[in-house]
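Single-letter residue listing:
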Amino acid sequence: MIIESIILDRDLPHIESLKKYGESIPYLNIKACFADLNQAKAYINENKTDLIFMDLEFAQQQKINWSEFNIQKPEIIISMRCSSYKYKDHYLSAFEYIMKPVSFEKFIQILNNIYIQKQGKKAHPKPEIKKNDFFFVKNNSLIEKVKFNEVLFFKGMKDYIWIQTINKKIITLQTMKNLSIYLPADRFLRIHKSYIVSLEHIDIIDKNRVVIGQERIPIGDTFRSSFFKNLKEQELIWD
């Protein structure tokens, strides 16, 4: 399930932070950003929108009447700079309120809560499909089979992905965000904006990097906390 979202805000640094964080969450798609309510309304009426990131001042200046929309009200995350504002009585009934600047840890915590809630509302979940231990990728004019247990790491290179396996290197047209959707979360983790690594092939971990064979891969500041948290949740680190 993908959460389709938009941003209603004029705060450019905050917008860029949300977009950057969103790139690392496989189930989140930030599709558009608006500074004008009428433009946003036209978009929402024509496009599936599950979630809106909205600035509080924006919401106060441009009142929203959901009866004017042709959809069920999306979840709303209100961002603000003034903690003294009595936002809990605000007419928007937001899912969550966050202070600017928002941390990545807070951002992903809220998104995980929304994702879990929406999963629980699915009346007829799809039957579980047997997971394969391999996948296929395009490599020039060929379509190659790659086994998950042979992949060492993925490296993003703009619109291309370098797949390093035990025996070879494959370059394919793909993005890191799309790739993250299909990889088994218990076997692969994103540790940097440009790297997704195979947990079973990590030889050494220190504070700033992991070592896989001869490759030394940096751990990005944005991903460090979630990386170590995930390792502990899978009981892969024994304190």
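In short, a report on the structure. (Residues numbered from 1 in each chain as written. Predicted model: local features only at pLDDT ≥ 70, side-chain atom pairs only at ≥ 80, totals over all residues. Heavy atoms only, no water.)

### Things to note about the overall build of the protein chain
Across its full length, the protein chain holds six helices and 15 strands. Counting only residues that meet the buried cut, the protein chain has 45% of its 239 residues in that class. By sequence separation, contacts in the protein chain at least 24 residues apart represent 51% of the contacts at least 6 residues apart. About 14,400 Å² of surface is accessible on the protein chain, with carbon and sulfur atoms providing 50% of the total. (Helix = DSSP H or I, 4+ residues; strand = E, 2+ residues; numbered from the N terminus. Buried < 20%, exposed > 50% of the residue type's maximum accessible area, 1.4 Å probe, protein only. Contact = heavy atoms within 4.5 Å. Areas by Shrake-Rupley, 256 points an atom, 1.4 Å probe, with all protein chains shown as cover.)

### Observations concerning helix α2 (residues 37–46)
Where α2 is concerned, the buried positions are L37, A40, K41, Y43 and I44. When α2 is viewed along its axis, its buried side chains cluster within an angular range of 165 degrees and face the same direction. Among the exposed residues of α2, those pointing more than 90 degrees away from its buried face are N38, Q39 and E46. For α2, the N-terminal capping position is held by D36, with its side-chain oxygen 3.1 Å away from the main-chain nitrogen of N38. (Arc of directions from axis to C-beta. Polar contact = N/O pair within 3.5 Å; in protein donor to acceptor, adjacent residues only side chain to side chain.)

### Digging into the pattern of salt bridges
Side chains bearing opposite charge may pair, as long as their charged atoms lie close to each other. In this structure the tally under the stated criterion is eight salt bridges. In this structure, E144 and K168 form a salt bridge, with 2.6 Å as the shortest nitrogen-oxygen distance. Taken together, the positions of E144 in strand β7 (residues 142–147) and K168 in the loop between β9 (160–165) and β10 (169–173) put the pair 24 residues apart, joining distant regions of the chain. Owing to a relative accessible area of 15%, E144 belongs among the buried residues under this scheme. (Salt bridge = Lys/Arg side-chain N within 4 Å of Asp/Glu carboxyl O.)

### Thoughts on the sheet that holds β9
Paired through their backbone hydrogen bonds, the strands of a sheet run either parallel or antiparallel. The antiparallel open sheet is built from five strands, whose spatial order is β10-β9-β8-β12-β11. Two strands lie at the open edges of the sheet, namely β10 and β11 (188–192), each paired on one side alone. Between one strand and the next, the sheet's axes are offset by a mean angle of 20 degrees, whatever the strand orientation. Alignment of β11 against strand β12 (residues 195–198), held across four bridges, turns out to be antiparallel. For H192, the partnering residue across the bridge sits in β12 and is Y195. (Pairing = 2+ DSSP bridges. Axes fitted to C-alpha atoms, helices over the stretch in contact; angles between N-to-C directions.)

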